[in-house]
Amino acid sequence: MAAVPDSHTGWTFITSHARVLAAIADNPNIRIRDIAAHCRLTERAVSRIISDLEQNGYLSHTREGRQNTYRIDPAKVLRHPAEAGLPVASLLSLLVQDETERTRPPAAHTQPPTDATAAK
């Protein structure tokens, strides 16, 4: 049996539902066990989240042998009224990066020129 991930204390910006959805967007054939490890959740929590997402039309799956292949509906809009009209695809574009982006060091922030430097 896999160990339960360490719990996290305090608040975070991203919900567990968004993390699970991003993990699936990154790999549509990912196993629940791997999602749980990646998101630092239990397998039971991931199963409940996947069920929530499927019941609300954000996610579907097909069984292929012993493996599930998930499909996200990118046009489905986010649930909270503050994000009314914002599709899931917009959220995922912020959360899912390809492997080269993940391993690259963060870019240095450049500041816009000030009046003094712009005049030179």
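Along each chain, residue indices are assigned from 1 in the same order as the chain's sequence is written. Per-residue local features are limited, in this predicted model, to residues with pLDDT of at least 70; the limit for side-chain atom pairs, both in listing and counting, is 80 or more; totals at the level of whole chains, interfaces and linings are taken over all residues. Hydrogens are left out, water is left out, and the side-chain values use all remaining heavy atoms of the structure.

## Quick look at the overall build of the chain
To keep it simple, the criterion reads: Starting at the N terminus, helices and strands are each numbered in turn, a helix being any DSSP run of H or I of at least four residues and a strand any DSSP run of E of at least two. Here, residues are in contact when the closest pair of their heavy atoms is within 4.5 Å.
Of the regular secondary structure elements, the chain holds 6 helices and 2 strands. Within the chain, contacts between residues at least 6 apart in sequence are counted, and of these 41% link residues at least 24 apart.

## A look at the side chain of Thr69
Rule in force here: Contacts described as polar in this section are N or O atom pairs within 3.5 Å, which, within protein, must combine one atom able to donate a hydrogen with one able to accept it, while residues neighboring in sequence count only if both atoms come from side chains.
Here Thr69 shows up in strand S2 (residues 67-72). Of note is the side chain of Thr69, whose polar atom sits 3.4 Å from the side chain of Glu64. Setting aside residues up to four positions removed in sequence, Thr69 forms contacts with Pro28, Asn29, Ser60, His61, Thr62 and Glu64.

## Focus: the packing of aromatic side chains
Here is the rule: Each Phe, Tyr or Trp ring (for Trp, its six-membered ring) is paired with any other whose centre lies within 6.5 Å, and the angle between the two planes then decides the class: stacked below 30 degrees, edge-to-face above 60, tilted in between. Three exposure classes are used, based on accessible area relative to the maximum for each residue type with a 1.4 Å probe and protein chains only: buried under 20%, partly exposed in between, and exposed over 50%. Should the NZ of a Lys or the CZ of an Arg lie within 6 Å of a ring centre and within 35 degrees of the ring normal, that charge is described as sitting over the ring.
For the structure on display, the rule yields 1 aromatic pair. Residues Trp11 and Phe13 carry aromatic rings whose centres are separated by 4.8 Å and whose planes lie at 75° to one another, so their mutual orientation is edge-to-face. Residue classification places Trp11 among the exposed positions, given a relative accessible area of 64%. Judged by relative accessible area, Phe13 falls into the exposed class, the value being 75%. The lysine or arginine in question, Lys76, covers the ring of Tyr58, its NZ or CZ lying 5.4 Å from the ring centre.

## Brief notes about the nonpolar core
The condition is simple: Residue types Ala, Val, Leu, Ile, Met, Phe, Trp, Tyr and Cys, when buried and joined through side-chain atoms within 4.5 Å, form a set referred to as a nonpolar core.
Counting 22 residues, the largest nonpolar core has Val20, Ile24, Ile35, Ile50 and Leu59 as its most contacted members. Breaking this core down by element, the ones donating at least two residues are helix H1 (16-26), helix H2 (32-39), helix H3 (43-55), S2 and helix H4 (88-95). When residues no more than four places from it in sequence are discounted, the contact partners of Ile24 are Ile30, Ile35, Ile50, Leu59, Tyr70 and Ile72.

## Digging into the packing of H2 against H3
The description of two packed helices rests on the angle between their axes and on the distance between the axes. Short version of the rule: Fitted lines through C-alpha atoms serve as axes, helices being fitted only where they are in contact, and the angles separating the N-to-C directions of these axes extend from 0 to 180 degrees. Orientation categories follow fixed angle ranges, with anything under 35 degrees roughly parallel, anything over 145 roughly antiparallel, 65 to 115 roughly perpendicular, and all other angles oblique. Classification convention: Asp, Glu, Lys, Arg as charged; Ala, Val, Leu, Ile, Met, Phe, Trp, Tyr, Cys, Pro as nonpolar; all other residues, Gly among them, as polar.
Where H2 contacts H3, the axes come no closer than 9 Å and their chain directions differ by 105°. The orientation of H2 with respect to H3, classified from their angle, is roughly perpendicular. Counting all contacts with H2, which are made through Ile32, Arg33, Ile35 and Ala36, the residues of H3 involved are Glu43, Val46, Ser47 and Ile50. Of the residues assigned to the contact of H2 with H3, the class counts are 5 nonpolar, 1 polar and 2 charged.

Everything listed here is a matter of geometry and, on its own, says nothing about what the molecule does.
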